[in-house]
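These are the residues of each chain, in order.
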Amino acid sequence: CMCTHDITWNRRNGANNPPHDIFSTFLIIQRKGKLYAVWYNRSVYFFYCRFYIVFSVFVLVCLVAMVAFAILIAMGIIKPIHNLNQATTEVAMGNLDARAKVQTNDEISDLAEDFNTMAENMKNLISHIKEDEQKMRRADLRLLQEQINPHFLYNTLDTIVWLAETGDQKRV
């Protein structure tokens, strides 16, 4: 580790020269009028450098993993909502066969199931209304036909009576 020693400390311990070995570095620094001897072991320094690099890589990997995890969670939330939104847009444009395909087990799937039920009910109601309108048209047509038949029969009989009164027996 990095240690700061006053030069007088080395002299008190009987060492006029700082400790040196192959992996040590010794610096003399002057600050605020005092001389300081700074000694650090290069192997410890390299250990801290490696530790710093490994720790930095670990933190970076953790950050990337957290971002990837956050994106997965967000997509798990956004995708079902997007599917439901597409289905509602299709139904709003008149495609009553559109259904929301949500395969989760949460509130969004409940909404999708209710939406699908609502779309199916709308489709059934519209088909019932169309059938009822066709029945009404047929009934109106029959009513008109029944009104026309007696009138036609009355006009035919009236024409026969008129021809008989005029003496045209052949045409009667």
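Computed from a predicted model, the values in this text were never measured in an experiment.

1. Some points on the overall build of the protein
For step 1, the next point in the chain: When helices and strands are counted, the protein shows three helices and three strands.
For step 2, the next point in the chain: For the protein, the α and β elements follow one another from N to C terminus as β-α-β-β-α-α.
For step 3, the next point in the chain: Burial status across the protein gives 15% buried among its 172 residues.
For step 4, the next point in the chain: Put simply, 39% of the contacts in the protein that link residues at least 6 apart link residues at least 24 apart.
For step 5, the next point in the chain: Carbon and sulfur atoms make up 63% of the accessible area of the protein, which totals about 14500 Å².

2. Notes on the confidence of the model for the protein
For step 1, the next point in the chain: Confidence in the prediction of the protein, expressed as mean pLDDT, is 79, and 78% of residues score 70 or more.
For step 2, the next point in the chain: In this model, residues 1-16 is a region of pLDDT below 50 whose contacts with residues beyond four sequence positions or in other chains number 24 contacts.
For step 3, the next point in the chain: Long-range and interchain partners of residues 18-23, a stretch whose pLDDT sits below 50, account for nine contacts in this model, where long-range means more than four residues apart.

3. Remarks on the nonpolar core
For step 1, the next point in the chain: Of all hydrophobic cores here, the largest spans eleven residues; its members are Leu84, Ala87, Val91, Leu96, Ala98, Ala100, Val102, Ile108, Ala112, Phe115 and Ala119.
For step 2, the next point in the chain: Residue assignment for this core shows that the elements contributing at least two residues are helix H2 (42-92) and helix H3 (107-166).
For step 3, the next point in the chain: Sort the elements by how many residues they give to this core and H3 lands first, with four residues.
For step 4, the next point in the chain: The contact partners of Ala119, leaving out residues within four places of it in the chain, are Val91, Leu96, Ala98 and Arg99.

4. Details of the packing of aromatic side chains
For step 1, the next point in the chain: According to the stated counting rule, one finds one aromatic pair in the structure shown.
For step 2, the next point in the chain: Where Phe51 meets Phe55, the ring centres are 6.0 Å apart and the plane angle is 15 degrees; that geometry is what we call stacked. Here Phe51 pairs with Phe55, and both are found in helix H2, just four residues apart, close to one helical turn.
For step 3, the next point in the chain: Take Phe51: its relative accessible area is 48%, and that puts it in the partly exposed class.

5. Description of a negative patch on the surface
For step 1, the next point in the chain: On the surface, a cluster of negative charge is made up of Glu107, Asp110, Glu113 and Asp114.
For step 2, the next point in the chain: Its place among the elements puts Glu107 in helix H3.

6. Here's the deal with the pattern of salt bridges
For step 1, the next point in the chain: The full count for this structure, using the stated rule, is two salt bridges.
For step 2, the next point in the chain: Measuring nitrogen to oxygen at the nearest pair gives 2.5 Å for the salt bridge that ties Arg99 to Glu120. You can see Arg99 sitting in the loop between H2 and H3 and its partner Glu120 sitting in helix H3, a full 21 residues away along the chain.
For step 3, the next point in the chain: Given the relative accessible area of 24%, Arg99 is considered partly exposed.

7. Here's the deal with a nonpolar patch on the surface
For step 1, the next point in the chain: On the surface, a nonpolar cluster with roughly 840 Å² of combined accessible area is contributed by Phe47, Tyr48, Phe51, Phe55, Phe58, Val59, Leu63 and Met66.
For step 2, the next point in the chain: For Val59, the location among the structural elements is in helix H2.
For step 3, the next point in the chain: On the basis of relative accessibility, which here comes to 33%, the residue Val59 falls in the partly exposed class.

8. Focus on the side chain of Ser109
For step 1, the next point in the chain: Looking at where Ser109 falls in the secondary structure, it is placed in helix H3.
For step 2, the next point in the chain: In terms of polar contacts, Ser109 uses its side chain to reach the backbone carbonyl oxygen of Thr104, at 3.2 Å.
For step 3, the next point in the chain: Not counting residues within four places of it along the chain, the set of residues in contact with Ser109 comprises Val102 and Thr104.

9. Description of H3
For step 1, the next point in the chain: Look at H3: 87 Å from first C-alpha to last across 60 residues, which is about the 88 Å you get at 1.5 Å a residue.
For step 2, the next point in the chain: For H3, the full list of buried residues reads Ile108, Ser109, Ala112, Phe115, Asn116, Ala119 and Leu163.
For step 3, the next point in the chain: Sitting at the amino-terminal end of H3 is Asp106, which places a side-chain oxygen 3.3 Å from the backbone nitrogen of Ile108.
For step 4, the next point in the chain: Backbone geometry just after H3 places Gly167 at a positive phi near 90 degrees.

So, how was this worked out
Residues numbered from 1 in each chain as written. Predicted model: local features only at pLDDT ≥ 70, side-chain atom pairs only at ≥ 80, totals over all residues. Heavy atoms only, no water. Helix = DSSP H or I, 4+ residues; strand = E, 2+ residues; numbered from the N terminus. Buried < 20%, exposed > 50% of the residue type's maximum accessible area, 1.4 Å probe, protein only. Contact = heavy atoms within 4.5 Å. Areas by Shrake-Rupley, 256 points an atom, 1.4 Å probe, with all protein chains shown as cover. pLDDT = per-residue confidence, 0-100. Core = buried A, V, L, I, M, F, W, Y, C linked by side-chain atoms within 4.5 Å. Phe/Tyr/Trp six-rings, centres within 6.5 Å; stacked < 30°, edge-to-face > 60°. Patch = residues over 30% accessible without salt bridge, like charges linked within 9 Å, V, L, I, M, F, W, Y side chains within 5 Å. Salt bridge = Lys/Arg side-chain N within 4 Å of Asp/Glu carboxyl O. Lys, Arg positive; Asp, Glu negative; His and termini not counted. Charge placed at Lys NZ, Arg CZ, Asp CG, Glu CD. Polar contact = N/O pair within 3.5 Å; in protein donor to acceptor, adjacent residues only side chain to side chain. Expected span 1.5 Å × (residues − 1).

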